[in-house]
Amino acid sequence: HFIQKMHHRQQQSANKRKSENEGGDDKEEEEEEGMLFARLDLGQNALGDNGALQVVKNLADARITSLDLSENRIQDQGFEHIATHLANLKCLRRLSLKANLAGDKGVGVLCQAMLSGVKTSSSTITDLDVSESHNISQKGGLMLAHLAQRHPNLSRLLFLSDDLDEAG
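What counts, and at which threshold
- Residues numbered from 1 in each chain as written.
- Predicted model: local features only at pLDDT ≥ 70, side-chain atom pairs only at ≥ 80, totals over all residues.
- Heavy atoms only, no water.
- Helix = DSSP H or I, 4+ residues; strand = E, 2+ residues; numbered from the N terminus.
- Buried < 20%, exposed > 50% of the residue type's maximum accessible area, 1.4 Å probe, protein only.
- Areas by Shrake-Rupley, 256 points an atom, 1.4 Å probe, with all protein chains shown as cover.
- Axes fitted to C-alpha atoms, helices over the stretch in contact; angles between N-to-C directions.
- Parallel < 35°, antiparallel > 145°, perpendicular 65-115°, else oblique.
- Contact = heavy atoms within 4.5 Å.
- Nonpolar A, V, L, I, M, F, W, Y, C, P; charged D, E, K, R; others polar.
- Core = buried A, V, L, I, M, F, W, Y, C linked by side-chain atoms within 4.5 Å.
- Salt bridge = Lys/Arg side-chain N within 4 Å of Asp/Glu carboxyl O.
- Pairing = 2+ DSSP bridges.

(A) Quick peek at the overall build of the protein chain. Within the protein chain, the regular secondary structure consists of 7 helices and 5 strands. Sequence-ordered secondary structure for the protein chain, helices as α and strands as β, is α-α-β-α-β-α-β-α-β-α-β-α. Per-residue burial over the protein chain gives 43% buried out of 168 residues. Of the roughly 9400 Å² of accessible surface on the protein chain, a fraction of 46% belongs to carbon and sulfur atoms.

Structure (structure tokens):
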């Protein structure tokens, strides 16, 4: 509900700015269009897979630069939902999926989506946190390392956990 209200307010604000700027200065309109919401923190809400799907669907084309979905019991299916809708989050720079329940399958789909986004120039994420995700094995760690090597915009990737450290 909160996300739908926020998206509705954003649309109303954009429409108001558009009507105010009709016939006005194009430069001013561009500056207004460039404004972004800084952060949406939905951490520790027990959203699960379906909640993650609702969040990313309702944020389609929203101007969110940072999305925190940490500690929400999101499993592989939820990571797949996020990966599927990642291209619609065109302003997203930081994504925190810290301390969720996804394993190698979910991480793999997320990595593939991010790398596909690089090819289409739709991947804007520079900071990804999947640390403390205890279901990620060495295989998932290698997929994340591959992502870090191949993704030109990714400047910060957190994925270590005690379980992965012990596995090598």
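(B) Highlighting the packing of helix α3 (residues 48-58) against helix α4 (residues 76-85). Interaxial distance between α3 and α4 falls to 8 Å at its minimum, and their mutual angle equals 10 degrees. With respect to α4, the element α3 is oriented roughly parallel. Note on element contacts: α4 touches α3 through Q77, G78, H81, I82 and H85, opposite D49, A52, L53, V56 and K57. Residues that form the contact of α3 with α4 fall into these classes: 4 nonpolar, 4 polar and 2 charged.

(C) Representation of the packing of helix α5 (residues 104-119) against helix α6 (residues 138-150) within the structure. With their axes 9 Å apart at the nearest point, α5 and α6 run at an angle of 10 degrees to one another. Here α5 is positioned roughly parallel relative to α6, judged by the angle of their axes. Contact residues: α5 offers D104, V107, G108, C111, M114 and L115, while α6 offers K139, G140, M143, L144, H146, L147 and R150. Among the residues making up the contact of α5 with α6, the classes are represented as 7 nonpolar, 3 polar and 3 charged.

(D) Highlighting the nonpolar core. In this structure, L67, I82, L86, L95, L110, L128 and L144 are the most contacted members of the largest nonpolar core, which totals 34 residues. Within the residue set of this core, elements represented by two or more residues are α3, α4, α5 and α6. Top element by residues in this core is α5. It accounts for 5 residues.

(E) Broad picture of the pattern of salt bridges. Summed over the entire model, instances satisfying the criterion amount to 5 salt bridges. Here D41 ties to R39 by a salt bridge, and the two come within 3.6 Å at their closest N and O atoms. Its relative accessible area of 44% is what places D41 among the partly exposed residues. Notably, a salt bridge pairs D68 with R39, separated by 3.4 Å at the nearest N-O pair. Placement of D68 in strand β2 (residues 66-68) and of R39 in the loop between α2 (26-33) and β1 (40-41) is noted, with a sequence separation of 29 residues between them.

(F) The arrangement of unusual backbone geometry in detail. Although it is not a glycine, A99 sits at a positive phi angle of roughly 55 degrees. By secondary structure assignment, the location of A99 is in the loop between β3 (94-96) and α5.

(G) Just the sheet that holds β3, in detail. Spatially, 5 strands are ordered β1-β2-β3-β4-β5 in an open sheet, and the strand pairing comes out parallel. Two strands lie at the open edges of the sheet, namely β1 and β5 (156-158), each paired on one side alone. In the sheet, β1 pairs with β2 via 2 bridges, with the strands oriented parallel. Paired with L40 across the two strands is L67, which belongs to β2.

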